[in-house]
Amino acid sequence: MGFLVLVVRIMGRISTFRSYQFLLLLAATFAVIAFYYFGSERHSFSSTTKRIRQTQQRGEELNVGEESDISRSRKGSSEAGGQRYHALMMFTKVDRSISLQHKFRVAMLSMVKLAHFLEGEVLVLHFVSDQVSQELGQRMLQEFLQDAPFKYEVSIIFHDVVELTQKLFPIVEAMQKHFSAGSGAYYSESIFFLSVAMHHIMPESLTRIVQLDLDLKYKTNIRDLFQEFDKFPPGAVIGITREMQPVYRHTFWLYRKENPKTRVGEPPPEGLPGFNSGVMLLDLSAMRASTLYNQLLKPSNVAKLADQYRFKGHLGDQDFFSMIGMEHPELFYSLACGWNRQLCTWWRDHGYGDVFQLYYGCDGPVYIYHGNCNSPIPDD
């Protein structure tokens, strides 16, 4: 009622003012009324916008992905009866690359445009990032999510790349010399073996997560990808798509020369072309429980397999999975090629044009395009 008292006092003094002064006072009065009325309105933003802001704040409170905070996040969801869908992306050095920023924009806008989750479900986006890239990512995500046409909740968590690397290094140090291009190379950093040992790094309360490259474009609801976990056969710990170039026909060349009848490096459907790590489903609970998988992480077993297959790679986790997949394919669930439709054609023009199409072909619908090696992604 305070603004009504103000109106009465003003009206009582009208006679002492000239007309133009009266008009100024009247305008001021309406301004006060507007402030009290509209300023107290609780629904001046859409409910979707409110959910974005609330979950962004919650992500900041998680203190860039501390393990205990992730556990609390999952506990809170469980108490509310909602399911959480976790997806992780590498987001390092993005501030230095306009190209990576563009790829991130394409990926996130296409994801949120088509995503649909049920009431109470939460999409949890994890980003492994350095501090400068994190600040950039927070600004970009606020832009992408603010106008998104979704009706679900998004939680955002940033993990410090330095902290994760320190945890990873003792586990993956031995394999880096087998699957890295050399000192200072992109994949030589321990963090690019995160998927290999994520079950040791993340808290046990986190049981399933999807790891995604930045250079993707989504053509379907991302929720459908998580349903592929339910198709894992017994013993499988990772869902992954085959490599769609003769990469491992080349990498295993010496082993293939010594074993001319091998399926290693041969094209599908009968061959073993290796894997591409652009889209991966990591069943962290199964990875923790698998005696076989954890034995394969031991330095002596990594060295044994690398020697057996005469293997020297440079693509980090993808090389490790491809190598152990030759020996133990039962550890992997083969995702349909449409879930990671790779577009790179580099090997077609570098010695393998005669067999390239045997690897590159992908029948069926495309769910996710992968613009690897900076390949253009088709427009909608």
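In what follows, the structure referred to is the one given above.
Anyway, here's the lowdown on the structure attached to this text.

What counts and how
- As a convention, each chain's residues are numbered from 1 in the sequence order in which they are written.
- Local features in this predicted model are restricted to residues whose pLDDT is 70 or higher, and side-chain atom pairs enter the listing and the counts only when it is 80 or higher, whereas totals over whole chains, interfaces and linings include all residues.
- Processing note: side-chain calculations cover all non-hydrogen atoms of the structure and skip hydrogens and water entirely.
- Helix and strand assignments come from DSSP, with helices taken as H or I runs of at least 4 residues and strands as E runs of at least 2, each series counted from the N terminus.
- The rule is simple: take the accessible area with a 1.4 Å probe, protein chains only, and divide by the maximum for that residue type; under 20% is buried, over 50% is exposed, in between is partly exposed.
- The contact criterion used throughout is that any non-hydrogen atoms of two residues lie within 4.5 Å.
- Strands are labelled as partners when DSSP assigns at least two bridges between them.
- Only the six-membered ring of Trp is used, alongside the rings of Phe and Tyr, when aromatic pairs are assigned; centres must lie within 6.5 Å, and planes under 30 degrees apart are stacked while those over 60 apart are edge-to-face, with the rest tilted.
- Placement of a positive charge over a ring is assigned whenever Lys NZ or Arg CZ falls within 6 Å of the ring centre and within 35 degrees of the normal to the ring plane.
- Here, two cysteine sulfur atoms that lie within 2.5 Å of each other are counted as a disulfide.

## What to know about the side chain of Ser290
Logical step 1: Looking at the secondary structure, you find Ser290 in the loop between helix H12 (284-289) and helix H13 (291-296).
Logical step 2: On the basis of relative accessibility, which here comes to 14%, the residue Ser290 falls in the buried class.
Logical step 3: Those residues in contact with Ser290 that sit more than four places away from it in its chain are Val237 and Leu331.

## Remarks on the sheet that holds strand E10 (residues 368-370)
Logical step 1: Read from one edge to the other, the open sheet built from three strands follows the order E5-E10-E9, with strand pairing classed as mixed. One side of each edge strand has no neighbouring strand; the edge strands of this open sheet are strand E5 (216-218) and strand E9 (341-342).
Logical step 2: Pairing between E5 and E10: three bridges, direction antiparallel. In the strand pairing of E10, Lys217 is matched with Tyr369.

## A closer look at the packing of aromatic side chains
Logical step 1: Summed over all chains, the structure comprises 23 aromatic pairs.
Logical step 2: Relative to Trp347, the ring of Trp346 lies with its centre 4.9 Å away and its plane at 80°, an arrangement referred to as edge-to-face.
Logical step 3: Owing to a relative accessible area of 14%, Trp347 belongs among the buried residues under this scheme.
Logical step 4: Three or more aromatic residues link up through ring pairs in this structure, and these residues are Phe179, Tyr248, Phe252, Tyr255, Phe275, Tyr309, Phe311, Phe320, Phe321 and Phe332.
Logical step 5: Sitting over the ring of Tyr360, Arg341 keeps its end group 4.3 Å from the ring centre.
Logical step 6: In this arrangement the basic side chain of Arg348 is found over the ring face of Phe356, its NZ or CZ atom lying 5.9 Å from the centre.

## Overview of helix H8 (residues 194-201)
Logical step 1: With seven of eight residues buried, H8 lies mostly within the body of the structure.
Logical step 2: Residues of H8 that are buried: Leu194, Ser195, Val196, Ala197, Met198, His199 and Ile201.

## Overview of the state of the cysteines
Logical step 1: Applying the stated criterion across every chain yields a total of two disulfides.
Logical step 2: The disulfide that involves Cys337 links it to Cys362, with 2.0 Å between the sulfurs. Since a negative S-S torsion denotes a left-handed disulfide, the Cys337-Cys362 link at about 95° is right-handed. Here Cys362 lies in the loop between helix H16 (356-360) and E10 and Cys337 lies in the loop between strand E8 (332-334) and E9, a separation of 25 residues in the sequence. The pair Cys337 / Cys362 is uniform in exposure class, with both members buried.
Logical step 3: Here Cys344 connects covalently by a disulfide to Cys373, the sulfurs 2.0 Å from one another. Linking Cys344 and Cys373, the disulfide has an S-S dihedral of approximately 110° and is accordingly described as right-handed. Within this pair, whereas Cys344 is found in the loop between E9 and H16, its partner Cys373 is found in the segment after E10, the two being separated by 29 residues in sequence.
Logical step 4: On the basis of relative accessibility, which here comes to 46%, the residue Cys373 falls in the partly exposed class.
Logical step 5: For the protein chain, numbering the cysteines in disulfides from first to last along the sequence yields the connectivity 1-3, 2-4.

Function cannot be read off these values alone, since they describe shape.
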